[in-house]
Amino acid sequence: MPYLKATKTPLVRRTPVGEYLCISYRFQFETFSPILEIDESTEKLFRLCDGTHTREDILQLLSKESGEPVEEIAEGFDEFVEYMIGEGVLEWVEEPSFIEPIYNRDRPFSITLDITSACNLHCPFCSVDAGAPRPDDLTIDDLVPLIEFVKKYRITPLSMTGGEPLLKKEMVLYILEELSPVKEITTGVFTNGTLITKDYAQQLYDAGLRFARVSVDGHCKEVHDATRGKGTFEKTIQGIKYLRELGVDVSVASTISRMNYEFLREIRDFVSQIGSSFSVGFVHPFGRAAEDHLLNNEEILRVTMINAGSERIQTNVSPRNRCCIGETLYINSRGDIFPCFLMQFPQFKVGNIRENDLRAIYKTSLVQEFLNLTVDTIEQCRDCDIRYFCGGSCRASAHEVGGSLYVPDSRRCEPLKALTQKILENGEENTRKLLHELLESTRKRGLL
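Since we're looking at a predicted model, the values are computed, not measured.

## Observations concerning the pairing of strand 8 (residues 158-161)
Burial of strand 8 is two-sided: the residues L158 and M160 facing one way and the residues S159 and T161 facing the other way are all buried. Pairing analysis gives 4 bridges linking strand 7 (residues 110-114) to strand 8, with the strands arranged parallel. By the bridge assignment, D114 is partnered in strand 8 with T161. Following the chain from strand 7 across helix 4 (residues 140-153) to the adjacent parallel strand 8, one finds a crossover that is right-handed.

Written out as structure tokens, the structure reads:
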């Protein structure tokens, strides 16, 4: 008798204008993708999809809870399960195999891990100021308890970054070999791509690598090499080819700064062709990024527009009332734990994996504060019509620029308002419709 199971532990995003079931998507920093608006009964059903209940078990429990006969709820249940299996969210398994059916915010939903502070490049806008290795960098022995924790709770995705993670070949291969057999976990590597030889690519693939994010900051060697270093463009492009030839899904990521902004469209057109997917982002004011690397609000808007599509804007529109702070933990190369990749401020360090249990830190007042941060806790955002579209944007950026977790993200506020207007004027039909409905729901709530 088969058992019904979530393919990955989903997250429920609860907002004042609706609750959405979200699943992790590859290994993006914003690690969830809303797939379904849910109500209380749907959530109760999902909490039974833990890999230990059969169809009959679940129907009996739902019948007992609702007071309705099994026969009356069976048809609707079967249709729903069939739809969710088609979406890749649920599956039938022959042997009982437990998974958390809903993320309960008592441990990390996903993890970004710096496995080294060393890097073979010296990019002027590096957000972690990578360069020489530090004597207190993590060892494989340090990582063993973390990897066992990730396996036990099926935490996904786990993203390896740095520095340049591929400098630590033994560690990268160890993590891949340990985690890739666990089908509920996605493990990826963020790399500059310059160290990927044909042989190294094969080793990574054989160890289980199926997802990689590779940085490409130019459409030609002159532009890319100006930011990454002489000769890096050809090595990076070749590295991407080696990975893709083996079947690795390569997401190409471009960081736009003052150094390459004038080539934004050319870069976007180029990277959209060389990888399985692509993203174009801008420099954040962390690490080595100096003021003269940062874009202004108008330029940030243009980067956002280029990413969303230049003619008929098509982008994700679903209620968001927060960023992923506290849900996606960041662990630096020394084992220090922070509430997200960009929140690397000393006062927000919440522990160290050499000393602290990851579930225990979720009971601390500091982590609870992060988890309770929403756009409605930001006084200046409470009456904004687009607050559930932007979700308050990035709390790390807000703190860096405004000095507090409880102020708007001034670097993204005006660009997002402008993007909203452009979608309403020239968005793809469904995108425009969804945004209009979201803004109307937000306004109506403000009148209550």
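## Let's talk about the environment of I361
As for its position among the elements, I361 is in the loop between strand 15 (351-352) and helix 11 (365-371). We classify I361 as buried; its relative accessible area is 4%. Distance in space between the C-alpha atoms of I361 and V350 is 6.8 Å, their sequence separation being 11 residues. Ignoring anything within four residues of it in the chain, the contact list for I361 reads L329, I337, V350, N356 and V367.

## Some details on helix 6 (residues 198-207)
Within helix 6, the full set of buried residues consists of Y200, A201, L204 and A207. Projected down its long axis, helix 6 carries its buried residues within an arc of 130 degrees, all on one side. Residues of helix 6 that are exposed and angled more than 90 degrees away from the buried face: K198, D199 and D206. Packing partners of the buried residues in helix 6 comprise helix 5 (169-179) and helix 8 (232-246). With its phi angle positive at about 120 degrees, G208 sits one or two positions after the end of helix 6.

## Observations concerning the pairing of strand 1 (residues 3-6)
The side chains of a regular strand alternate between both faces of the sheet. The two faces of strand 1 match: Y3 and K5 on one face and L4 and A6 on the other face are all buried. Relative to strand 5 (residues 50-54), strand 1 is paired through 3 bridges, and the arrangement is antiparallel. Within strand 5, the residue paired with L4 across the bridge is H53. The sheet contact formed by strand 1 and strand 6 (residues 90-93) spans 4 bridges and is antiparallel. In the sheet register, L4 faces strand 6, and the bridge partner there is W92.

Calculation criteria
Residues numbered from 1 in each chain as written. Predicted model: local features only at pLDDT ≥ 70, side-chain atom pairs only at ≥ 80, totals over all residues. Heavy atoms only, no water. Buried < 20%, exposed > 50% of the residue type's maximum accessible area, 1.4 Å probe, protein only. Helix = DSSP H or I, 4+ residues; strand = E, 2+ residues; numbered from the N terminus. Pairing = 2+ DSSP bridges. Right-handed = clockwise from strand over helix to strand, strands pointing away. Contact = heavy atoms within 4.5 Å. Arc of directions from axis to C-beta.

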